[in-house]
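Below are the chains, spelled out letter by letter.
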Amino acid sequence: MKPVGKLMIIGGAVNKGSFTETEYETSAEKNLNFFERGILRKIINESKNKEESVIEVITTASQIPQIVGPEYKKAFEFLGAKHVNILDIQTREQANSDAIVARANNADVVMFTGGDQLRLTSILGGTRFHEAILIKYQETDFLYCGTSAGAAAASENMIYQGSSSEALLKGEIKTTQGLGFIDNVIVDTHFVQRGRIGRLFQAVVSNPRTLGIGLGEDTGLFIKDDCMTAVGSGLVILVDGRFIKDTNLTKVNLGEPISIDNLVVHVMSVNDRFDLKTKELTIENTQYSPIPSLNGQQ
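Cut-offs applied
Residues numbered from 1 in each chain as written. Predicted model: local features only at pLDDT ≥ 70, side-chain atom pairs only at ≥ 80, totals over all residues. Heavy atoms only, no water. Helix = DSSP H or I, 4+ residues; strand = E, 2+ residues; numbered from the N terminus. Buried < 20%, exposed > 50% of the residue type's maximum accessible area, 1.4 Å probe, protein only. Contact = heavy atoms within 4.5 Å. Areas by Shrake-Rupley, 256 points an atom, 1.4 Å probe, with all protein chains shown as cover. Core = buried A, V, L, I, M, F, W, Y, C linked by side-chain atoms within 4.5 Å. Pairing = 2+ DSSP bridges. Axes fitted to C-alpha atoms, helices over the stretch in contact; angles between N-to-C directions. Polar contact = N/O pair within 3.5 Å; in protein donor to acceptor, adjacent residues only side chain to side chain.

(A) A look at the overall build of the protein. Along its length, the protein carries nine helices and 17 strands. With 298 residues in all, the protein has 48% of them scored as buried. Contacts in the protein between residues far apart in sequence, at least 24 positions, make up 73% of those at least 6 positions apart. Carbon and sulfur atoms make up 48% of the accessible area of the protein, which totals about 14200 Å².

(B) Seen up close, the nonpolar core. Counting 45 residues, the largest nonpolar core has Phe112, Leu124, Phe129, Ile213, Leu221 and Met228 as its most contacted members. Broken down by element, the residue count for this core peaks at five residues, all from helix α7 (residues 128–139). If near-sequence neighbours (up to four positions away) are discounted, Leu124 is found in contact with Ile58, Thr60, Ile89, Arg92, Ala95, Phe112, Phe129 and His130. Counting 21 residues, the second largest nonpolar core, distinct from the first, contains Leu40, Ile44, Val57 and Ala75.

(C) Highlighting the sheet that holds strand β8 (residues 185–188). Judged by pairing direction, the sheet is mixed, and its four strands sit side by side in the order β8-β9-β12-β15 without closing on themselves. Unpaired on one side and paired on the other, β8 and β15 (264–268) mark the two borders of the sheet. Strand after strand, the sheet turns through a mean of 20° between neighbouring axes, direction not considered. Relative to strand β12 (residues 236–240), strand β9 (residues 211–215) runs antiparallel, the two being bridged by four bridges. Bridge pairing links Leu215 to Val236 in β12. Along the sheet, helix α9 (residues 197–205) contacts β8, β9, β12 and β15; its crossing angle with β12, the most-contacted strand, is approximately 30°.

(D) Region of interest: helix α6 (residues 117–124). For α6, the complete set of buried residues consists of Gln117, Leu120, Thr121, Ile123 and Leu124. The opening residue of α6 is Asp116, an N-cap whose side-chain oxygen sits 2.9 Å from the backbone nitrogen of Leu118. Once α6 finishes, Gly126 follows within two positions and takes phi at roughly 80°, a positive value.

Treat this as a map of the structure, not an account of what it does.
Right, here's the structure in full:
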């Protein structure tokens, strides 16, 4: 069944302004381009009740939740959001409590911050909180947002470990179950800045049905009804393994290089769209005009 809800997955380092500064309001002018047209603005606009939506900022993945949570709260509130809360779930017992489940059921948006995605899934996976937001995503106009670790954990399977420099050596990346909001994709974050394309290649070649998604920093994908739209200031890299002709994956030993023939790569920037059903990319600002047919009609 197609979910009613929507996803926003972000590559990390969201430029939300330096709100740790006490004079953040007086220096906000330099951030207006981001505030008005950026990712957090998109989150508010796409939420069920816009500025009146209840937003829960989930800081479980972070080692510094006391800093990260207030940063996001101030950023959302600067954009006009009126009901922004911080939910710092640190144990599975908390995630199974009536109070936390009630807050999940009352939320219109959850925003998972960065940090360690394995920490995120090991604390939240299979809890009542996890089940509550999965049900809301499937059945209601609910928005799951995740940046960095929160984005990596959104899919059914996730990368949680692996060297960028040696990612195309067999066995150099580790994957496990994610939170399960989207199937048949695997997400890597801080993608361009940390040179992680090899990690995605290896994840895709091991199961070419899986679409690899590499998210640059301050860049994300808004996903609704099988359509992924690029948002933010950077690049999204898609790795499609369906047309792989050959590989040595099963013939080489652990630690040896992997060969891949005919791996397809797409590059998306702001407002480009990718159809998850047809696997077709539409470039919004294409340099080509529609080609007229031979009879002169479009």
